[in-house]
Amino acid sequence: MRAATSASGSVSASAVDVRSTLEGLAHDGTARPLLVALDFDGTLAPLQDDPSLSRMLPDAVAPLRTLVEAPGVSLALVSGRALHDLHALAEGPVGTYLIGSHGAERARVMRHGLDRDVVQLTDEQADRLATLGARAAEIARGRDGVWVESKPTAVVVHTRLAEHDDARDAESKALALGDELGSGVLHGKDVVEISVLRASKGEALRALRDELGARVVVYAGDDVTDEHAFAALTEHDVTIKVGAGDTVARLRAADPHELVDALVALAAALPT
C-alpha cells in the first residue's frame, strides 16, 4: 500500500487517523450491517477540468470489489453527476448502489445493467425544467468556459474553465435563476445546480441507510454538497472530508490517493 507522506517523509496524521479508524471498523462485528458510501469526483477520482475525463484511481478498483462482496457490507457511490454518467465513468462493481444528481436518482449495478428507481416529473416540473434549460443557456452564451449540463431533474451551470469574472457573473446569475424557478439549488465547486425536485445527498444517504438497516455508515466526500451528507449522519458514523476546506466531518484525508490507501487497508482488514 502506498503510504501518504509529508515533505519530511513521515506519514501524515490524517492518513493514520483515517486508516486506523477504517481498520477498526473492519474488526468490529457490532458495526454490521456497514454501509460504505463514497463521493466520486475529488474523492475516488482526482478532479479534472473536463469532467468527461474523470476516472477512478486504479488502486481503488480492488478494494471496492472486496467491499461489495464482503458479508454485512454494502457499497454506494454518491455523486452530483447524472446517474448514467456516474455509471459509465465510475464502473462500480456489480452490487454497488449508485446515487446520482445529488440524491434525485438511484440505481443498483446489476450484471446486465442498472436496476433503476424511476424518477417521474409532473407536467409542471417538466415545463419548469425546460424553461430552466433555456434560461441557463442564455447565461452561458457569450461566456467562454461556461457551459450547461442537462439532467433528468436539473440543469447545471459549469464554470471551471471560465475566467474569474465570467465565472463569478455566471454563478451569480445562475443562483438568481435558481431562486426564481428552482425547487433546490446547490452551489458547489465551480457549479450551480438548479433542480425541480428537492433532494440532497444527505436525504438519499439516510434513505439508503434505513433500507439496508445499516448500523454504521462511512461517508467520504470533498465538495460543499457533501457537507449535507456529513450533517445527516450521527456521531457513531465515520465522516471523511477529502482535501482542504471547512467541514463538519470528523476525519480528513489529504487527497484521493490518501483516501484510497485507507480503503485498501479497510478491505485488507475485513474477515475472510
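Scope of this entry: the structure provided in the associated data block. These figures come from a predicted structure and were not determined experimentally. (Residues numbered from 1 in each chain as written. Predicted model: local features only at pLDDT ≥ 70, side-chain atom pairs only at ≥ 80, totals over all residues. Heavy atoms only, no water.)

1. Overview of the pairing of strand β10 (residues 216–221)
Here is step 1 of the chain: In terms of residue burial, β10 counts as a mostly covered element, since six of its six residues are buried.
Here is step 2 of the chain: Burial along β10 is two-sided: the residues Val 216, Val 218 and Ala 220 and Val 217, Tyr 219 and Gly 221 are all buried.
Here is step 3 of the chain: The sheet contact formed by strand β1 (residues 34–39) and β10 spans five bridges and is parallel. For Leu 35, the partnering residue across the bridge sits in β10 and is Val 217.
Here is step 4 of the chain: Across four bridges, β10 lies against strand β11 (residues 238–242) in parallel orientation. Looking across to β11, one finds that Val 218 is bridged to Val 238.
Here is step 5 of the chain: In terms of handedness, the path from β10 via helix α7 (residues 226–232) over to β11 forms a crossover that is right-handed. (Buried < 20%, exposed > 50% of the residue type's maximum accessible area, 1.4 Å probe, protein only. Helix = DSSP H or I, 4+ residues; strand = E, 2+ residues; numbered from the N terminus. Pairing = 2+ DSSP bridges. Right-handed = clockwise from strand over helix to strand, strands pointing away.)

2. Structural notes on the sheet that holds strand β4 (residues 105–110)
Here is step 1 of the chain: Strand order in the open sheet made by the eight strands is β5-β4-β3-β2-β1-β10-β11-β12, with mixed pairing throughout. Since the sheet does not close on itself, it has two edges, and those belong to β5 (113–117) and β12 (251–253), each with one partner. With direction set aside, neighbouring strand axes in the sheet form an average angle of 20°.
Here is step 2 of the chain: The sheet contact formed by β4 and β5 spans five bridges and is antiparallel. When the bridges of β5 are listed, Met 110 appears paired with Gly 113.
Here is step 3 of the chain: Across the sheet, helix α6 (residues 201–212) touches β1, β2 (73–78), β3 (97–100), β4 and β10, and the angle it forms with β1 is around 155°. (Axes fitted to C-alpha atoms, helices over the stretch in contact; angles between N-to-C directions. Contact = heavy atoms within 4.5 Å.)

3. A word on the nonpolar core
Here is step 1 of the chain: Among the nonpolar cores identified, the biggest contains 43 residues, and Leu 22, Val 36, Leu 38, Leu 44, Leu 64, Ile 240 and Leu 259 are the most heavily contacted of them.
Here is step 2 of the chain: For this core, the element with the highest residue contribution is helix α8 (residues 256–269), accounting for six residues.
Here is step 3 of the chain: Filtering out sequence-adjacent residues up to four positions away, Leu 64 remains in contact with Leu 38, Leu 44, Met 56, Leu 75, Leu 77, Pro 93 and Leu 263.
Here is step 4 of the chain: Listed in part, the 17 residues of the second largest apolar core include Val 157, Ala 162, Ala 170 and Val 196. (Core = buried A, V, L, I, M, F, W, Y, C linked by side-chain atoms within 4.5 Å.)

4. A look at unusual backbone geometry
Here is step 1 of the chain: Look at the link from Arg 32 to Pro 33: it is a cis peptide, with omega at -5°.
Here is step 2 of the chain: Tracing the backbone shows Pro 33 in the loop between α1 (13–27) and β1.
Here is step 3 of the chain: Even without glycine at this site, Ser 101 takes up a positive phi of about 50°.
Here is step 4 of the chain: Residue Ser 101 is classed as buried on the basis of its relative accessible area of 4%.

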